[in-house]
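Observations on the model geometry
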Amino acid sequence: MNFLRSTPTLMINKMIQHVWEKFLLIVLVCLGISVLVTIVQPFEYKSTVKMLIIDQNPRTSDFYAASRGLEKVADTLGRIVQTDSFFQKVVNTQGAQVSAEMFGRTEKKRRKKWDKAVDVSGEAGTSIMYVDTYSKSAEQSKDIAQAISIVLVNEGREYLGHASTLQVKEIDSVLTSSFPVRPNIIKNIVFGLIAGIGLGFLWAYIKLERDVFQTERLRESDEDRIDGNEFNHIQA
């Protein structure tokens, strides 16, 4: 009896074993790439300072409308923090331990590095701003956050309008992480693992479908040949 005809399950099991080995290889390669990408990036500390925008002379008694208005102001001010105009105020702030040279020698590099070093987000439904700063040095990250807070408190009115009754206050002092937070090692590894599993399953599915189809065709061809030989034998 023909081998393909008698043991098709064994052939399929062998194919699954072969695919499983390649599947693991794909997962390990993706994990390796994610780890490599992680370790080649500079590790950065994070500092956070919490700011609040208040209206000292609100023009409406509608608390919700006033809150929404302040939330929009906070969003606008957060975008201003990442501009070159604000950057110049930070590096020129008296007593601030921040210099333009920390962000590169050219204007283009400084803007790019400043944009990457500062992230501003708001708390939904409030006028609270979270200013996050990143740097290779924990102390430097803290200095940048403190300088931003000083400019917002002392010179924020310039961006809000000199006649404005709005005021920016620091409500939580600078808090710096004890360990680097960028790049996110766990997040990158999990992403690499998920990507590897996804690609592995896709490759395994395509490979098994093709191999099983080819095996079935060979088996059917072999059966037809055997049936033909048996028929010829009977005729003889």
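Report on the accompanying structure. The model shown is predicted, which means the values in this text are computed figures rather than measured ones.

Cut-offs used in this document
Residues numbered from 1 in each chain as written. Predicted model: local features only at pLDDT ≥ 70, side-chain atom pairs only at ≥ 80, totals over all residues. Heavy atoms only, no water. Patch = residues over 30% accessible without salt bridge, like charges linked within 9 Å, V, L, I, M, F, W, Y side chains within 5 Å. Areas by Shrake-Rupley, 256 points an atom, 1.4 Å probe, with all protein chains shown as cover. Salt bridge = Lys/Arg side-chain N within 4 Å of Asp/Glu carboxyl O. Helix = DSSP H or I, 4+ residues; strand = E, 2+ residues; numbered from the N terminus. Lys, Arg positive; Asp, Glu negative; His and termini not counted. Charge placed at Lys NZ, Arg CZ, Asp CG, Glu CD. Axes fitted to C-alpha atoms, helices over the stretch in contact; angles between N-to-C directions. Parallel < 35°, antiparallel > 145°, perpendicular 65-115°, else oblique. Contact = heavy atoms within 4.5 Å. Nonpolar A, V, L, I, M, F, W, Y, C, P; charged D, E, K, R; others polar. Pairing = 2+ DSSP bridges. 1 Å grid on protein atoms, 1.4 Å probe; cavity = no way out; pocket = protein on both sides within 12 Å on 5 of 7 lines; lining within 4 Å. Points joined across faces, edges and corners; volume = space filled by probe spheres on them. Phe/Tyr/Trp six-rings, centres within 6.5 Å; stacked < 30°, edge-to-face > 60°. Buried < 20%, exposed > 50% of the residue type's maximum accessible area, 1.4 Å probe, protein only. Lys NZ or Arg CZ within 6 Å of the ring centre and 35° of its normal.

This next bit is on a nonpolar patch on the surface. There is a patch of nonpolar side chains on the surface, built from Val35, Leu36, Ile39, Val40, Phe43, Ile185 and Ile189 and spanning about 610 Å² of accessible area. Elements supplying a minimum of two residues to the nonpolar patch: α2 (8-40) and α8 (185-235). The dominant element in the nonpolar patch, judged by the number of residues it contributes, is α2, at 4 residues. Assignment of secondary structure puts Val40 in helix α2.

Judged by side-chain charge, Lys108, Lys112, Lys113, Lys116 and Lys136 come together as a positively charged surface patch. With respect to the element layout, Lys116 can be found in helix α5 (residues 107-117).

Moving on, we get to the packing of helix α4 (residues 84-91) against α5. Their axes nearest at 11 Å, the elements α4 and α5 cross at an angle of 90 degrees. Taken together, α4 and α5 sit at an angle that is classed as roughly perpendicular. Here Asp84, Phe86, Phe87, Gln88 and Val90 of α4 come into contact with α5, specifically with Glu107, Arg111 and Trp114. Along the lines of polarity and charge, the residues of the contact of α4 with α5 split into 4 nonpolar, 1 polar and 3 charged.

Glancing now at the sheet that holds strand β3 (residues 128-135). Strand order in the open sheet formed by 4 strands is β2-β3-β1-β4, with antiparallel pairing between adjacent strands. Because the sheet does not close on itself, it has two edges, and the strands there are β2 (118-122) and β4 (166-176). Between one strand and the next, the sheet's axes are offset by a mean angle of 20 degrees, whatever the strand orientation. Across the sheet, α5 touches β2 and β3, and the angle it forms with β2 is around 40 degrees.

Right, let's talk about the pattern of salt bridges for a bit. The full count for this structure, using the stated rule, is 8 salt bridges. Measuring nitrogen to oxygen at the nearest pair gives 4.0 Å for the salt bridge that ties Lys50 to Asp172. Of this pair, Lys50 sits in strand β1 (residues 45-55) while Asp172 sits in strand β4, and the two are 122 residues apart along the sequence. The partner of Glu155 in a salt bridge is Lys89, with the nearest N and O atoms 3.1 Å apart. Of this pair, Glu155 sits in helix α6 (residues 138-155) while Lys89 is found in helix α4, placing the two residues 66 residues apart along the sequence.

Reported here for the largest pocket is a volume of approximately 280 Å³. Along the walls of the largest pocket sit 15 residues, with Glu44, Lys113, Lys116, Ala117 and Lys136 positioned nearest its centre. At 5 residues, α5 tops the list of elements feeding residues into the lining of the largest pocket. Its residues assigned to classes, the lining of the largest pocket shows 6 nonpolar, 2 polar and 7 charged.

Turning our attention to the packing of aromatic side chains. Overall, the coordinates contain 5 aromatic pairs when judged by the stated rule. Taking the centre distance of 5.5 Å and the plane angle of 75 degrees together, the rings of Phe103 and Trp114 count as edge-to-face. A residue pair is termed long-range when its members are at least 10 positions apart, and Phe103 in the loop between α4 and α5 and Trp114 in helix α5 qualify at 11 residues. With respect to class, Phe103 is no different from Trp114; both count as buried. Aromatic rings pair up to connect Phe87, Phe103 and Trp114 into one cluster. Between the NZ or CZ atom of Arg182 and the centre of the ring of Tyr134, over which it lies, the distance is 3.7 Å.

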